[in-house]
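Coordinates in review
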Amino acid sequence: MSAKAAKVSKSYEIDMCNGAILPKLLRFAVPLMCSSMLQLLFNAADVIVVGRFAGDNSLAAVGSNSSLIALLTNLFLGLSIGANILAAKHYGAKDDDGLSKTVHTAMLLGLCSGLILTVVGVAGARQILVWMQCPANVLDLAALYLRIYFAGMAATMLYNFGAALLRAVGDTQRPLFYLFFAGIVNVILNLFFVIVMKMDVAGVALATVISQCISAALVIRCLVKEQGAIHLDLHSLRFHKVKLRQILQVGLPAGVQGILFSLSNVVIQASINGFGETVMAGNSAASNIENFIYVALNAFYQANVSFTSQNMGAGNYRRIWQILARVELCVLVLGLALGGVTYLFGPQLLSLYSPSPAVIQAGLVRLKIVAVTYVLCGFMDSCVGTLRGIGYSVLPMVVTLVGACVLRLVWISLLFQNPAYHTVDVIYWSYPVSWVVTASVHFLCIAITMRKLKRHLGLA
């Protein structure tokens, strides 16, 4: 790579260990937020197109798959978090050899993860949907969408692992550019396959797979052309035993935590399915809108993970509390703003997904409970980011298991089954209640672990 190219590449990196935190935090999180929203547009475009041009059954078939897709993919996405944390620590410690081995181990792990998901998703789609009590008139469409979607899972995982490595050095801008281009292709293909080719849910699934392949190819090309320790040499892809173990130590608990959250959401989705197609469609539309709030707040969680990991690697332990304080402030402002906008413009936003008044009304029930309180989820995730960044991954997994997942399952199995509380509103209230409980315990865990760290290092 030329000196000029190396200089351009270096301009994307962020020094997380020195200087003012908030401006750098925003420089990191805002492109990541936009990237995540563009990624969401892959699914939102699917839902909007089928809702407007293929009908409510197709809308329910696509939308009801979101919790199942999350359940099957979260374990491997957790591994990408492990790769991000390990790479950030090596980068902060100026350990080029460790960073290079992490890059090559992580990308091969991403490829293997995607292939495993393809086999599981394609072979087991219909049976898993049956276990979720998917209605018979939606089952065939939902299974078809899921099989095609998972056929492209290798590309999805390669993009996520590659983007996680770029985030480790502070580069969140180029993944945004790649997703922007792939997102435009996705929307164009959605309209073509559904309106012109009449392919229904198969068309939107195929459009998503093609766009994911484009974004994966671009991020791989970026890493191959990089200079220095983050450079990817495709001929050097192999599992470095120590790095693989370190990625798994952090990533597996993160992935299991994601699975636990998704498992509780699958149980909730199965309970919602019992209220019929209209409520299913309204819930799908509302949950798609809420996902935009989630990824906006989650960008600061991911920023917290990278900033905390780099400062741990560099030995800047006192800076960790300062990072968390600024992350939580950003989450508070953004969460309240987005929740308020969603509440005020709920009918207009839901009408983008379906023109049906009954579906819009069903979606509003969820938005007014879950979307407005999503800031609580942001607080919870930000605390998890600090714990993972300082090296604790099993602890937040256990807290999440008890505070969120078990609580939601108990809520559904006891309170919701009571005839007096057997309403969809009661299902939705399980979200904010579990967020408050889990966030409170996570914050207490941070205080205890940081006190132990200071005592161990003899810091004031």
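Report on the accompanying structure. Being a predicted model, the structure only gives us computed values, none of them experimental.

A separate point is the packing of helix 11 (residues 277-314) against helix 15 (residues 374-389). Running from N to C, helix 11 and helix 15 cross one another at 20°; their axes reach a closest spacing of 8 Å. Between helix 11 and helix 15, the crossing angle belongs to the class labelled roughly parallel. Crossing geometry of helix 11 relative to helix 15 is assigned as right-handed. For the pair helix 11 and helix 15, the contacting residues are Glu290, Ile293, Tyr294, Leu297, Asn298, Tyr301, Asn304, Val305, Thr308, Ser309 and Met312 in the first and Tyr374, Val375, Cys377, Gly378, Asp381, Ser382, Val384, Gly385, Thr386, Arg388 and Gly389 in the second. Of the residues in the contact of helix 11 with helix 15, the class split is ten nonpolar, nine polar and three charged.

Now for the pattern of salt bridges. Within the structure shown, the criterion is met by five salt bridges. A salt bridge links Asp97 to Lys101, with the nearest nitrogen and oxygen atoms 3.4 Å apart. Of this pair, Asp97 and Lys101 both sit in helix 5 (residues 96-131), separated by four residues, roughly a single helical turn. Between Glu226 and Arg174 there is a salt bridge; the shortest N-O distance is 2.6 Å. Separated by 52 residues along the polypeptide, Glu226 in the loop between helix 9 (200-225) and helix 10 (241-273) and Arg174 in helix 8 (residues 173-196) bring together distant segments of the chain. The residues Glu226 and Arg174 share a single accessibility class, namely buried.

Turning our eyes to something else, we now look at a nonpolar patch on the surface. A cluster of nonpolar side chains, Phe53, Val187, Leu191, Phe192, Ile195, Val196 and Met197, forms an exposed patch at the surface whose accessible area comes to about 610 Å². Per element, the largest residue contribution to the nonpolar patch is five residues, and it comes from helix 8. Tracing the chain through its elements places Val187 in helix 8. Classification of Val187 as partly exposed rests on a relative accessible area of 35%.

Here we take up helix 8. Since the α-helix advances by 3.6 residues per turn, residues separated by three or four positions end up pointing in the same direction. Its 24 residues place the ends of helix 8 34 Å apart at the C-alpha level, agreeing with the 34 Å of an ideal helix rising 1.5 Å per residue. Looking at the residues trailing helix 8, positive phi occurs at Lys198, about 55°.

A separate point is unusual backbone geometry. At Lys198, a residue that is not glycine, the phi angle is positive and equals roughly 55°. In this fold, Lys198 is placed in the loop between helix 8 and helix 9. For Lys198, a relative accessible area of 66% gives the class exposed. Of note, the phi angle at Asp200 is positive, near 55°, even though the residue is not glycine. Among the secondary structure elements, Asp200 is positioned in helix 9. On the accessibility criterion, Asp200 (23% relative accessible area) is partly exposed.

Turning our eyes to something else, we now look at helix 16 (residues 394-415). In this model, helix 16 (22 residues) spans 29 Å end to end at C-alpha, consistent with the 32 Å of a helix rising 1.5 Å per residue. Maximum bend of helix 16: about 35°, positioned at Leu401. Those residues of helix 16 that fall on the buried side of the exposure criterion are Pro396, Met397, Val399, Thr400, Gly403, Ala404, Cys405, Arg408, Trp411 and Ile412.

Looking now at the environment of Asn298. Within the secondary structure, Asn298 sits in helix 11. Along the backbone, Asn298 and Leu25 are 273 residues apart, and their C-alpha atoms lie at a distance of 13 Å. Of the polar contacts made by the side chain of Asn298, one reaches the side chain of Gln302; its length is 2.8 Å.

In this section: the packing of aromatic side chains. If you walk through the whole model with that rule in mind, you get nine aromatic pairs. Residues Tyr374 and Trp435 carry aromatic rings whose centres are separated by 4.8 Å and whose planes lie at 40° to one another, so their mutual orientation is tilted. Taken together, the positions of Tyr374 in helix 15 and Trp435 in helix 17 (residues 424-457) put the pair 61 residues apart, joining distant regions of the chain. For the pair Tyr374 and Trp435, one class covers both residues: buried.

What follows deals with the environment of Gly114. Locating Gly114 in the fold gives a position in helix 5. Sequence separation between Gly114 and Gly152 is 38 residues, and the spatial gap between their C-alpha atoms is 8.0 Å.

Before going further, it helps to spend a moment on the packing of helix 5 against helix 7 (residues 153-168). Each pair of packed helices can be described by the angle between their axes along with the distance between the axes. Between helix 5 and helix 7, whose axes approach to 7 Å, the crossing angle comes to 155°. Classified by the interaxial angle, the pair formed by helix 5 and helix 7 is roughly antiparallel. Judged by the sense of rotation from one axis to the other, the crossing of helix 5 with helix 7 is right-handed. Where helix 5 abuts helix 7, its residues Val103, Ala106, Met107, Leu109, Gly110, Leu111, Ser113, Gly114, Leu115, Leu117 and Thr118 lie against Met153, Ala154, Met157, Leu158, Phe161, Gly162 and Leu165. Of the residues that constitute the contact of helix 5 with helix 7, the class distribution is 13 nonpolar, five polar and no charged.

Criteria and thresholds
- Residues numbered from 1 in each chain as written.
- Predicted model: local features only at pLDDT ≥ 70, side-chain atom pairs only at ≥ 80, totals over all residues.
- Heavy atoms only, no water.
- Axes fitted to C-alpha atoms, helices over the stretch in contact; angles between N-to-C directions.
- Helix = DSSP H or I, 4+ residues; strand = E, 2+ residues; numbered from the N terminus.
- Parallel < 35°, antiparallel > 145°, perpendicular 65-115°, else oblique.
- Left-handed = near helix turned anticlockwise from the far one by under 90°.
- Contact = heavy atoms within 4.5 Å.
- Nonpolar A, V, L, I, M, F, W, Y, C, P; charged D, E, K, R; others polar.
- Salt bridge = Lys/Arg side-chain N within 4 Å of Asp/Glu carboxyl O.
- Buried < 20%, exposed > 50% of the residue type's maximum accessible area, 1.4 Å probe, protein only.
- Patch = residues over 30% accessible without salt bridge, like charges linked within 9 Å, V, L, I, M, F, W, Y side chains within 5 Å.
- Areas by Shrake-Rupley, 256 points an atom, 1.4 Å probe, with all protein chains shown as cover.
- Expected span 1.5 Å × (residues − 1).
- Bend = angle between axes of the 7 residues up to and from the residue.
- Polar contact = N/O pair within 3.5 Å; in protein donor to acceptor, adjacent residues only side chain to side chain.
- Phe/Tyr/Trp six-rings, centres within 6.5 Å; stacked < 30°, edge-to-face > 60°.

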